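# A look at the structure
This is what each chain is made of:
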Amino acid sequence: MAYTKTNKVRLVSTRMHQKNAPGDEISLVQENLDIILSYNYILFENQYYVQKKGVAMGSPCGSSYPIMSRCYVDRSNFVLQVPKSVCSELCAIGFRKAAQVGQPACCFDCVPCSKGEISNKTDASNCIICPEELWSNEKRDKCVPKIIDYLSFNDPLGSILTILASAFSLISASFLCIFVKFQDSPIVKANNRELSYLLLCGLILCFICPIIFIGKPQYLSCILRQTAFGVIFSICVSSLQAKTVIVVIAFKATRPTSTLRLWVGSRWIPYSIVTFSAITQLIICVVWIAVATPFPQKNINSELGKIIFECNEGSTVMLYCMLCYLGLLATVCFIIAFLAKNLPDSFNEAKHITFSMVVFISVWLSFIPAYVSTRGKYVVVVEIFTILASSAGLLFCIFIPKMYIILLRPDLNTREKLTGK
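Residues numbered from 1 in each chain as written. Predicted model: local features only at pLDDT ≥ 70, side-chain atom pairs only at ≥ 80, totals over all residues. Heavy atoms only, no water.

Attention now moves to the overall build of the protein. Within the protein, the secondary structure is distributed over 9 helices and 16 strands. Per-residue burial for the protein yields a buried fraction of 43% across its 421 residues. Within the protein, contacts between residues separated by at least 24 positions form 65% of all contacts whose residues are at least 6 apart in sequence. (Helix = DSSP H or I, 4+ residues; strand = E, 2+ residues; numbered from the N terminus. Buried < 20%, exposed > 50% of the residue type's maximum accessible area, 1.4 Å probe, protein only. Contact = heavy atoms within 4.5 Å.)

Before going further, it helps to examine the packing of aromatic side chains. Following the criterion strictly, the structure yields 12 aromatic pairs and no others. Measuring from ring centre to ring centre gives 5.2 Å for F229 and F233, while their planes differ by 70 degrees; the resulting arrangement is edge-to-face. Remark: F233 and F229 occur in helix α4 (residues 219-252); sequence separation between them is 4 residues, near one turn of the helix. Grouping residues by exposure puts F229 and F233 together as buried. In this structure an aromatic cluster arises from ring pairing among F229, F233, F360, W364, F367 and Y371. Stacked on the ring of F108, the Lys or Arg K97 has its end atom at 5.1 Å from the ring centre. (Phe/Tyr/Trp six-rings, centres within 6.5 Å; stacked < 30°, edge-to-face > 60°. Lys NZ or Arg CZ within 6 Å of the ring centre and 35° of its normal.)

It is at 8 Å that the axes of helix α1 (residues 156-181) and helix α3 (residues 193-213) come closest, and there the two elements cross at 165 degrees. As summarised for this structure, α1 and α3 are arranged roughly antiparallel, according to the angle between their axes. Taken as a pair, α1 and α3 cross one another with a handedness that is left-handed. When α1 is examined against α3, the residues A165, F168, S169, S172, A173, F175, L176, F179 and V180 are found in contact with a partner set consisting of S196, Y197, L200, C201, L203, I204, F207, I208 and I211. Taken together, the residues that form the contact of α1 with α3 break down as 15 nonpolar, 3 polar and no charged. (Axes fitted to C-alpha atoms, helices over the stretch in contact; angles between N-to-C directions. Parallel < 35°, antiparallel > 145°, perpendicular 65-115°, else oblique. Left-handed = near helix turned anticlockwise from the far one by under 90°. Nonpolar A, V, L, I, M, F, W, Y, C, P; charged D, E, K, R; others polar.)

Moving on: the state of the cysteines. Under the criterion given, the structure shown has 4 disulfides. A disulfide bridge connects C91 with C110, and the sulfur atoms are separated by 2.1 Å. When the S-S torsion is -95 degrees, as for the bridge of C91 with C110, the disulfide is left-handed. Of this pair, C91 sits in the loop between β7 (78-80) and β8 (95-99) while C110 sits in strand β9 (residues 108-112), placing them 19 residues apart in sequence. The exposure class assigned to C91 is buried, which follows from its relative accessible area of 1%. We classify C110 as partly exposed; its relative accessible area is 33%. Across the disulfide from C222 sits C311; the S-S distance is 1.9 Å. A torsion of -80 degrees about the S-S bond marks the disulfide between C222 and C311 as left-handed. Pair noted here: C222 is in helix α4 and C311 is in strand β16 (residues 306-312), with a separation of 89 residues, a long-range link. The pair formed by C222 and C311 is uniform in burial state, with each residue classed as buried. C321 forms no disulfide, and the closest cysteine sulfur to it belongs to C324, at a distance of 6.6 Å. (Disulfide = S-S within 2.5 Å.)

This next bit is on the environment of I163. Locating I163 in the fold gives a position in helix α1. With a relative accessible area of 59%, I163 lands in the exposed category. Considered as a pair, I163 and I211 are 48 residues apart in the sequence and their alpha carbons are 9.8 Å apart.

Within β16, 5 of the 7 residues are buried, leaving the element largely enclosed by the surrounding structure. Note that strand β14 (residues 147-149) and β16 share 3 bridges and pair parallel. Counterpart to D149 in the pairing with β16 is I308. The pairing of strand β15 (residues 295-299) with β16 spans 5 bridges and is classified as antiparallel. Paired with P296 across the strands is C311, a residue of β16. (Pairing = 2+ DSSP bridges.)

Let us now look at the nonpolar core. One finds F229, M357, F360 and F399 to be the most contacted residues of the largest nonpolar core, which totals 61 residues. In terms of residue count, the dominant contributor to this core is helix α8 (residues 378-408) (15 residues). Apart from the residues within four sequence positions on either side, F399 is in contact with F175, F179, S196, L199, L200, L203 and L394. Among the nonpolar cores identified, the runner-up in size contains 7 residues, and L195, I269, I273 and V274 belong to it. (Core = buried A, V, L, I, M, F, W, Y, C linked by side-chain atoms within 4.5 Å.)

The structure is reproduced here in structure tokens:
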């Protein structure tokens, strides 16, 4: 019998047969004598003693005494200690036993429990998996509630995005006030000022939309945030499309034989374009809500140790249908504006619309891969940033040139300067 750490066993039988080193059989009789069972352990009066540190290791009776022999020893060289029957230390709390390959069952390694698992007792053979809404602490000795995570107003990102959305809304509102104040000036009256008012109101709402995305998801906010954003953006893009159509009609109708002369000054054409585009997007959103209503949910699989409060969009197909329709409106608007950008005019708004559509389409094309690849609250951050960036592109590309003329160059705000005559 081999020992990695020598052990001691009390003789319990009245008589025990054992062979000594030469191979001769001897008889051991249980007596109140020191029984030597190893080189450094003895048993005396039902208590185990181990050799003190500094005492030379070896048989206390000398080399002539084999293991399992009897002799008198000097117990002053020994101290009271229970011998160990394993070759490894006990595994602490938070660890589990892992058998060593090729070693006896008493030999093992202590392995830390994996994330999401615990062991709350020493020398555990297996770790316990925490329930779904709980997670292991750093010591892996108990399960604690998972961290609740969502984009809140107190979050640094949430605060920054809220400030940006509010700032852009105020800028849009100030532009609207300036337009109303200078409503009779040529730069405001050019190319349908009512559409400019509608576009500015739509942009104000576009900048307010991201605030619905921030905060703990609720049933109503999950329904409104995508649908409201889709309908409002459709109004904005279709307003630009109507503006571009007006420019094309105005210049093409100058030919005597042109049939477009009948449509010059018509108000129902731009309003019908905006109304039809917005109603189509509204129908898509209503069908979306009716077929697969968005709802708040707890996502426990997105990030380890966290529960993500998020909105389940109900139907990813309907979400992309809404986005694709928005992209279709932007593409049509870009094509019309691009074809009209070289029409003769000192202030041809089609040039600015073309550039704004390039910015708008580029931002939303970048949004799709970013939206698919992100997880958790950062999905909301990506969408909010995209809404703000595309709305800001429309606001500055369309209205900054007009604000420059109204506020800084009033000498250019005349009919002669605008028409180049």
